[in-house]
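Coordinates in review
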Amino acid sequence: MKVFHQLDDIPGDFGPAIVSVGNFDGVHRAHRHVIDEIVRRAKAGKAQAVVVTFDPHPSRILRPDHNFKLLTPLPEKLRLLELTDVGVVLLLPFSRDLSLMTAHRFAHEILKKRLHAREVHEGYNFHFGHKAAGNIQVLRELGREMGFEVHDYPEMRLRGENVSSSHIRKLLTEGRVSRARHLLARPFSILSTAGRGRGYGTKYTVPTINLAPYEELVPKDGVYITRTRIGQECFDSVTNVGNRPTFGADSFAIETHLLNFHPLELSAETEVEIHFLDRLRDEIKFPSVDALKEQIGRDVRKAQKYLRRLGQKPLPRSKQ
């Protein structure tokens, strides 16, 4: 997969292209449906399959006070896009200047002039251009003017739920990671490194690991059944997200207890990726550390039963 980081990276003889434009945050089932179609049509028509997306996410420029959190930070989004077999990603730097570009100019400068688009594929609620003035109908009219076809896709629903990035964010903020997993077609995951102060050495010898600070979306505070990848090894796990009320206020952490633990190599750079499978319970303030330990034992037994039922399906791995 080639990644163009600006318009001037695109060769002058590029194209023809089958294109989809969007944020693709989460690269969920509905995104995959559109991308699979542009890949299929590009192969059949001897064209390039191109995804156009933006960095940073437009919400961070247009609504800077919104505290917008991503489902998939950019490196993870690019990794997931690469798994789709799309040939090219145009990663446009989203700036105030780009936000002021009219729908007509966007279609002419980017879709027609730079990408030589033959087809453009978008979801039913696609908007583009300054103040989101362009929609599917506007795009279709511009396509007739500029020589590309427009294919639009209806809302995808799964078990009565809308498959969209915003709905998946809502599910995660409610702690409903199992439902989010179905809409994403994979477990929601966060990728970071081990937190500081864990006493790194030649061997890591305790079964609990804290994640380094993570700035994007995490599930609602609580205790979850998870699988955790540390470097190249995967562990069944139980993960606590939140403030650990038994230990006092202002102690937010993402803390994972590895169930099938053995001592392992670990450095400050070792990747730690947590995949959220299901929610066990809310956080509780316990009267003592012993009471907390007893509850952790119950959590572990429930997680082990769940994981036995689920089977040992492999986790999707980030590229090293």
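Here is a short report on the structure shown in this document. Keep in mind that what you see is a predicted model, and the values were worked out from it rather than measured. (Residues numbered from 1 in each chain as written. Predicted model: local features only at pLDDT ≥ 70, side-chain atom pairs only at ≥ 80, totals over all residues. Heavy atoms only, no water.)

1. Describing the environment of Ser164
- Structurally, Ser164 can be placed in the loop between β8 (161–162) and α7 (165–173).
- Separated by 133 residues in sequence, Ser164 and His31 have C-alpha atoms that sit 8.6 Å apart.
- A polar side-chain atom of Ser164 sits 3.3 Å from a polar atom in the side chain of Ser166. (Helix = DSSP H or I, 4+ residues; strand = E, 2+ residues; numbered from the N terminus. Polar contact = N/O pair within 3.5 Å; in protein donor to acceptor, adjacent residues only side chain to side chain.)

2. Observations concerning helix α5 (residues 103–114)
- Between its terminal C-alpha atoms α5 stretches 15 Å, which fits the 16 Å expected from 12 residues at 1.5 Å a residue.
- Along α5, the residues that are buried comprise Ala103, Phe106, Ala107, Ile110 and Leu111. All buried residues of α5 fall inside an arc of 110 degrees around its axis, so they share one side.
- A positive backbone phi angle near 50 degrees is found at His116, which sits one or two residues after α5. (Expected span 1.5 Å × (residues − 1). Buried < 20%, exposed > 50% of the residue type's maximum accessible area, 1.4 Å probe, protein only. Arc of directions from axis to C-beta.)

3. Looking at the layout of surface pockets
- Roughly 1300 Å³ of internal volume is contained in the largest pocket.
- Lining the largest pocket are 47 residues, and of these Gly22, Asn23, Asn125, Phe126 and His127 lie nearest its centre.
- When contributions to the lining of the largest pocket are tallied by element, the ones reaching two or more residues are β2 (17–21), α1 (29–44), α2 (58–62), α4 (96–99), β5 (117–123) and α7.
- In the lining of the largest pocket, the residues fall into 21 nonpolar, 19 polar and seven charged. (1 Å grid on protein atoms, 1.4 Å probe; cavity = no way out; pocket = protein on both sides within 12 Å on 5 of 7 lines; lining within 4 Å. Points joined across faces, edges and corners; volume = space filled by probe spheres on them. Nonpolar A, V, L, I, M, F, W, Y, C, P; charged D, E, K, R; others polar.)

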